[in-house]
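The residues making up each chain are set out below.
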Amino acid sequence: MPRGAPVNTGAASGQALSGSGLRVSEMQAKLHRWAVADDGRRFDDLFNLVHDPATLRAAFDRVAGNQGARAPGVDGLTVADVEREIGIPGFLEDLRAALKAGLFRPLPVRERLIPKPGGSGKVRKLGIATVADRVVQAALKLVLEPIFEADFRPVSYGFRPMRRAHDAIAEIHFFGTFGYRWVLDADIEACFDSISHSVLMDRVRMRVKDKRVLALVNSFLKAGVLTEAGHREGTLTGTPQGGILSPLLANIALTVLDAHLTGSWEPGAEMSTESGRRRRRRQGLPNYKVVRYADDFVVLVDGECPDVQALREEIADVLHPMGLRFSEAKTQIVHMSEGFDFLGFRIQWRRKRGTEKWYVYTFIADRPVRQLKDKIRALTNRKSQQDPRGVLIRINQIMRGWANYFKHAVCKTTLGSLARFVWRRVVSWWMKLHRWNWTDVRRRYTDPSGRWRTLSVDGIELFNLAAVPVTRYRYRGSKIPNPWTVLSQA
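Residues numbered from 1 in each chain as written. Predicted model: local features only at pLDDT ≥ 70, side-chain atom pairs only at ≥ 80, totals over all residues. Heavy atoms only, no water.

1. Digging into the overall build of the protein chain
Quick reminder of the rule: In this description a helix means any DSSP run of H or I spanning at least four residues, a strand means any run of E spanning at least two, and both kinds are numbered starting from the N terminus. Our radius of gyration is a C-alpha quantity, and the globule rule it is checked against amounts to 2.2 Å times the number of residues to the power 0.38. For every residue, the accessible area (1.4 Å probe, protein chains only) is compared with the maximum for its type, and the residue is labelled buried under 20%, exposed over 50%, or partly exposed between those bounds. Note on definitions: a residue-residue contact is assigned when non-hydrogen atoms from the two residues lie within 4.5 Å. The Shrake-Rupley method, run with a 1.4 Å probe, gives the accessible areas here. Residue values count only the displayed protein chains as cover. Residues scored as charged are limited to Lys and Arg (positive) and Asp and Glu (negative), so that His and the chain ends carry no count. Just so you know, the charge point we use is NZ for Lys, CZ for Arg, CG for Asp and CD for Glu.
Per the secondary structure count, the protein chain includes 18 helices and 13 strands. In terms of overall dimensions, the protein chain is globule-like: its C-alpha atoms have a radius of gyration of 25 Å, near the 23 Å expected for 490 residues. Viewed in the frame of its principal axes, the protein chain has a C-alpha envelope of about 75 × 70 × 50 Å. Relative to its full complement of 490 residues, the protein chain shows a buried share of 49%. A separation threshold of at least 6 residues defines the contact pool for the protein chain, and within that pool the share at least 24 residues apart is 72%. Carbon together with sulfur atoms contributes 50% to the accessible area of the protein chain, which is approximately 24,400 Å² in total. Computed over 77 positive and 51 negative side-chain charges, the inter-centroid distance for the protein chain is 7 Å.

The following block contains the structure:
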């Protein structure tokens, strides 16, 4: 599940940009415009754009603003270390000189194992690159992303600028409402670890002619991993999860899947018009729509269960040449009336209470609720001696981000229940910490009329989940802009 609600970033709009940022955005707008104008164009002389001082500076700023800026790679350096010990101008000049001279070689990523959500006991492998490698990856992404965005299909929502997980959910809601209620709920097993390097590089070569850029991309794929046990391992397939360039490369590879499943929706194709789709149904043929967020995707089918099973086999054949396959444990065929989970939401076609009418509803799935409760429990352990003010700040941060992501679901009851849960946890902890009894709590947090006041410590009030307004997310369809078209129109 995506961690927060913000639009996927990756390119800034022209507003509030100056200096290197504005120069890079203008460069990106040109690349995107040229890529859109000629879908067969292969771009040469991109390497000069990668090591351009403005590109490297914009790339460093993005790396420094990333949450992982404090994590060191195998060289032990963090962004703060670079700023303090080397200085940004000197660091970028040395990096540029190494790139221009062809001396730059990425170091292995530092492996970090983190537990997967859900308490399954499984772990996810993350690869932490050095600061220098992250900056070069970010520079490559700044140059390559606007080119490949011209080829990405509207059905892809993950790790793309100005697109959200909510857009994917809204697409499912829209098509489910219009009869696409058989669902292939699919997950690609170890997608980031299994993508074939040769197939991926073939896809990159379709748009990139510059051999130096191709060699640089390939060098990151082959950089290897330094495991937590201290052993160096080669990377024969896949892109390390956590890498700045990895989501873009994964989307490039999975464009094959998107193109296969959206070909029938292209102008002039069978499903491109409403009359064409009706004709297919009269002939007993299914209509289908894919919605993908990174390596998680669903195929919505207006047809029957055997049609979904046939599509599953067809898609497996498309994935196989890329070295990918379905996760048998996570891939399922369901009817929308049974409900299924996607991106943290529970989507279900059900009867509206008190009526005979059926609608598609989007709820919060059980797992995110459990995860939120686990985080609150960890912060309010009754044996904890942490500063209550600091804990309250952290609880508020977690709840605001969580509510901001889920506020578009049917969740008023869930938010109220969680608000009561958090209130009880905080009060119980404070009673233990301060040795209060219930009378002490009431004396401190009720007004003269007996009404409860908001829990607070030193001016920090507990965020009230129940007060979050629940709103319907506006479906944007296939008309979602990207930053470079917005910049061009500004």
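2. Focus: the pairing of strand 7 (residues 296-302)
We count it as follows: Criterion used throughout: strands pair if DSSP finds at least two bridges between them.
With respect to burial, strand 7 is a largely interior element, 6 of its 7 residues being buried. Bridge count between strand 3 (residues 182-187) and strand 7: 6 bridges; the pairing is antiparallel. Paired with alanine 186 across the bridge in strand 7 is phenylalanine 297. Judged from the 7 bridges that link them, strand 6 (residues 287-293) and strand 7 form a sheet pairing that is antiparallel. Bridge assignment links lysine 289 to a residue of strand 7, and that residue is leucine 300.

3. Describing the pattern of salt bridges
Formally: Just to be clear on terms, a salt bridge is a Lys or Arg side-chain nitrogen sitting within 4 Å of an Asp or Glu carboxyl oxygen.
Under the definition given, this model contains 21 salt bridges. Between arginine 23 and aspartate 52 there is a salt bridge; the shortest N-O distance is 2.9 Å. Placement of arginine 23 in helix 1 (residues 20-37) and of aspartate 52 in the loop between helix 2 (47-50) and helix 3 (53-64) is noted, with a sequence separation of 29 residues between them. Note that arginine 84 and aspartate 81 form a salt bridge whose closest N and O atoms lie 2.6 Å from each other. Here aspartate 81 and arginine 84 lie together in helix 4 (residues 79-86), a separation of 3 residues that amounts to about one turn. Looking at arginine 84, the relative accessible area reads 58%, which means it is exposed. Overall, aspartate 81 belongs to the buried group, its relative accessible area being 14%. A cluster of three or more residues bridged by salt bridges with shared partners is formed by Asp45, Asp210 and Arg212.

4. A closer look at the sheet that holds strand 4 (residues 225-226)
Sheet strands associate in pairs through backbone hydrogen bonding, adopting either a parallel or an antiparallel arrangement. Pairing is mixed across the open sheet formed by 4 strands, whose spatial order is 2-1-4-5. Of all strands in the sheet, those bounded by a partner on one side alone are strand 2 (123-128) and strand 5 (232-233). As judged from the 2 bridges shared by strand 4 and strand 5, these two strands associate in the antiparallel manner. For leucine 226, the partnering residue across the bridge sits in strand 5 and is arginine 232.

5. Observations regarding the layout of surface pockets
How we decide: Here a cavity denotes grid points, spaced 1 Å and computed from the protein atoms alone, that fit a 1.4 Å probe unable to get out, and a pocket denotes an open set having protein on both sides within 12 Å along at least 5 of 7 lines; residues with an atom within 4 Å of a point are the lining. Grid points are joined across faces, edges and corners, and a volume is the space filled by probe spheres set on the points. Think of it as three bins: nonpolar holds Ala, Val, Leu, Ile, Met, Phe, Trp, Tyr, Cys and Pro, charged holds Asp, Glu, Lys and Arg, and polar takes everything else, Gly as well.
If you add up the space inside the second largest pocket, you get close to 380 Å³. Taken together, 19 residues make up the lining of the second largest pocket; nearest its centre are His173, Thr362, His408, Arg472 and Tyr473. Secondary structure elements with two or more residues in the lining of the second largest pocket: helix 7 (165-177) and strand 11 (358-364). The element that contributes the greatest number of residues to the lining of the second largest pocket is helix 7, accounting for 6 residues. A per-class count over the lining of the second largest pocket returns 12 nonpolar, 6 polar and 1 charged.

6. Some points on the packing of aromatic side chains
The cut-off we apply is this: Stacked, tilted and edge-to-face are the three classes applied to pairs of Phe, Tyr and Trp rings, where Trp contributes its six-membered ring and a pair requires centres within 6.5 Å; stacked means planes under 30 degrees apart, edge-to-face means over 60, and tilted covers the rest. Consider the ring centre and the ring normal. A charge sits over the ring if Lys NZ or Arg CZ is within 6 Å of that centre and within 35 degrees of that normal.
The full count for this structure, using the stated rule, is 21 aromatic pairs. Ring geometry for phenylalanine 159 against tyrosine 293: centres 6.0 Å apart, planes inclined by 50 degrees, an arrangement best described as tilted. Linking phenylalanine 159 in the loop between helix 6 (131-149) and helix 7 with tyrosine 293 in strand 6, this pair joins segments that are 134 residues apart in sequence. Where tyrosine 359 meets tyrosine 361, the ring centres are 6.4 Å apart and the plane angle is 80 degrees; that geometry is what we call edge-to-face. The structure contains a cluster of three or more aromatic residues connected by ring pairs, namely Phe174, Phe175, Phe178, Tyr180, Trp265 and Tyr475. Above the face of the tryptophan 349 ring, arginine 181 is positioned so that its terminal group lies 4.1 Å from the ring centre. Between lysine 289 and the ring centre of tryptophan 265, over which it is positioned, the NZ or CZ distance is 4.4 Å.

7. Brief notes about the nonpolar core
Keep this limit in mind: We define the nonpolar core as a collection of buried residues of types Ala, Val, Leu, Ile, Met, Phe, Trp, Tyr and Cys that are connected through side-chain atoms lying within 4.5 Å of one another.
In this structure, Val135, Val299 and Phe342 are the most contacted members of the largest nonpolar core, which totals 136 residues. Here the element with the most residues in this core is helix 6; it accounts for 12 residues. Dropping the residues within four chain positions of it, valine 299 is found in contact with Trp182, Val183, Leu184, Leu261, Tyr288, Lys289, Val290, Leu311 and Ile315.

8. Quick look at the sheet that holds strand 11
Quick reminder of the rule: Whenever a helix is involved, its axis is fitted only over the stretch in contact; in every case the axis is a line through C-alpha atoms, and angles between N-to-C directions fall within 0 to 180 degrees.
Across the sheet, which stays open at both edges, the 3 strands sit in the order 9-10-11 with antiparallel pairing between neighbours. Because the sheet does not close on itself, it has two edges, and the strands there are strand 9 (340-342) and strand 11. The sheet shows a mean angle of 30 degrees between the axes of neighbouring strands, taken without regard to direction. Bridge count between strand 10 (residues 345-351) and strand 11: 7 bridges; the pairing is antiparallel. From the neighbouring strand, arginine 351 faces strand 11, where its bridge partner is tryptophan 358.

9. Here's the deal with the packing of helix 14 (residues 366-379) against helix 15 (residues 388-406)
We apply this condition: For classification purposes, an angle smaller than 35 degrees is called roughly parallel, one larger than 145 roughly antiparallel, one from 65 to 115 roughly perpendicular, and anything else oblique.
Viewed as axis vectors pointing N to C, helix 14 and helix 15 meet at an angle of 175 degrees, and their least axial separation amounts to 10 Å. Taken together, helix 14 and helix 15 sit at an angle that is classed as roughly antiparallel. Between helix 14 and helix 15, the contacting residues are Pro368, Val369, Leu372, Lys375, Ile376 and Leu379 on the first element and Val391, Arg394, Ile395, Ile398, Met399, Trp402 and Phe406 on the second. In the contact of helix 14 with helix 15, the residues fall into 11 nonpolar, no polar and 2 charged.

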